[in-house]
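Spelled out, the chains give:
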Amino acid sequence: MKDSDCIFCKIAGGDIPCTKLLEDDAAIAFLDIGPLAEGHVLLIPKHHYVTVDQMPPDVAAAVLKHLPALGRAVQSAVGCEGFNILQNNGPVAHQVVGHVHFHIIPRNSGDEFRFNWPAGLYPKGRIEQLAEAIRKELATRNL
Ligand code: 5GP
Ligand code: ZN
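Quick notes on the rules
- Residues numbered from 1 in each chain as written.
- Chains lettered and ligands numbered in written order.
- Predicted model: local features only at pLDDT ≥ 70, side-chain atom pairs only at ≥ 80, totals over all residues.
- Heavy atoms only, no water.
- Helix = DSSP H or I, 4+ residues; strand = E, 2+ residues; numbered from the N terminus.
- Buried < 20%, exposed > 50% of the residue type's maximum accessible area, 1.4 Å probe, protein only.
- Contact = heavy atoms within 4.5 Å.
- Areas by Shrake-Rupley, 256 points an atom, 1.4 Å probe, with all protein chains shown as cover.
- Lys, Arg positive; Asp, Glu negative; His and termini not counted.
- Charge placed at Lys NZ, Arg CZ, Asp CG, Glu CD.
- Donors = N, O, S within 2.8 Å, 3.2 Å for Na, K, Ca; no water.
- Tetrahedral: all angles 85-135°; square planar, octahedral: opposite > 155°, others 65-115°.
- Near = heavy atom within 4 Å.
- Polar contact = N/O pair within 3.5 Å; in protein donor to acceptor, adjacent residues only side chain to side chain.
- 1 Å grid on protein atoms, 1.4 Å probe; cavity = no way out; pocket = protein on both sides within 12 Å on 5 of 7 lines; lining within 4 Å.
- Sits in = over half its atoms within 2 Å of the grid points.
- Nonpolar A, V, L, I, M, F, W, Y, C, P; charged D, E, K, R; others polar.
- Phe/Tyr/Trp six-rings, centres within 6.5 Å; stacked < 30°, edge-to-face > 60°.

Student: Teacher, can you tell me more about the overall build of the chain here?
Tutor: Scanning the chain from terminus to terminus reveals 4 helices and 5 strands. In terms of principal-axis extent, the alpha carbons of the chain reach across some 50 × 40 × 25 Å. Taking all 143 residues of the chain together, 32% fall into the buried category. Relative to all contacts within the chain whose residues are 6 or more apart in sequence, the contacts with residues 24 or more apart total 51%. Surface summary for the chain: the accessible area is close to 9500 Å², and the carbon and sulfur share equals 58%. Charge centroids of the chain, computed over 13 positive and 16 negative side chains, lie 6 Å from each other.

Student: Explain the coordination of the zinc ion (ligand 2) to me, please; I cannot follow it from the model alone.
Tutor: The textbook angles at a metal center are 109.5 degrees for a tetrahedron of four donors and 90 or 180 degrees for an octahedron of six. The protein atoms that coordinate the zinc ion (ligand 2) are C6 (SG), C9 (SG), H48 (ND1) and H99 (ND1), at distances spanning 2.0 to 2.3 Å. Angles of 104 to 116° at the metal separate the 4 donor atoms of the zinc ion (ligand 2), which places the site in the tetrahedral class. Site description for the zinc ion (ligand 2): donor spacing in sequence, C-x2-C-x38-H-x50-H. The class for C6 is buried, based on a relative accessible area of 6%. With a relative accessible area of 2%, C9 lands in the buried category.

Student: Explain the site of ligand 1 here, please?
Tutor: Contacts to ligand 1 come from 16 residues, most closely from D32, H94, V96, H101 and H103. In the model, an oxygen atom of ligand 1 is placed 2.8 Å from a nitrogen or oxygen of the N88 side chain. Relative to its unbound accessible area of 520 Å², ligand 1 is 83% covered by the protein chains. Judged by the fraction of its atoms near the pocket grid, ligand 1 is located in the largest pocket. Mapped by element, the contributors of at least two residues to the shell around ligand 1 are α1 (7-12) and β2 (27-31). The greatest single-element share of the shell around ligand 1, amounting to 3 residues, is contributed by α1. Of the residues that constitute the shell around ligand 1, the class distribution is 9 nonpolar, 6 polar and 1 charged.

Student: What should I look at first to understand the environment of L31 in this one?
Tutor: If you trace the backbone, L31 turns up in strand β2. Along the primary structure L31 and L138 are separated by 107 residues, whereas in three dimensions their C-alpha atoms are 35 Å apart.

Student: How should I be thinking about the packing of aromatic side chains in this particular structure?
Tutor: Any two aromatic rings considered together are summarised by their centre-to-centre distance and by the angle between their planes. Inspection of every chain in the model, using the stated rule, returns 3 aromatic pairs. Note on F8 and F30: the rings are 5.6 Å apart at their centroids and 80° apart in plane angle, and the pair reads as edge-to-face. With F8 in helix α1 and F30 in strand β2, this pair connects stretches of sequence that are 22 residues apart. Each of the two residues, F8 as well as F30, counts as buried.

Take a look at the structure:
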């Protein structure tokens, strides 16, 4: 599956260049051209899926299996203290490129990258209600 208008399909197909880090049948990883930190990596499936929920489980597994090694390699190569794995789904979640991608973002104390993390509290009973609704969805879907 390929989308002829998709920049990451073009990268995966070798039609436009990237700074490649690894590649196999299912996935390709390369450096982000607009890095949030030096060594900011993108890991993508070779096939075109817009959001992570569209990926079949075996494709997801074949892509995500690269995360541990990429995380170790980036940490060693750039000497960062930690890293974030970030994956945006939909424009509301800051997805700009409509082809699934996992960001590996090197982090150091005092760096400029910030999350607004407005953690809330559940009113009594709400957490169980939500869990039940999600379990029901999981049970009715083909996983
Ligand atoms: P999003 O906001 O969709 O999660 O992130 C898209 C990312 O793709 C951005 O960090 C952006 O810098 C990166 N990007 C967009 N176009 C290209 C490109 O042509 N080459 C590379 N290497 N990265 C790209
Ligand atoms: Zn694509």
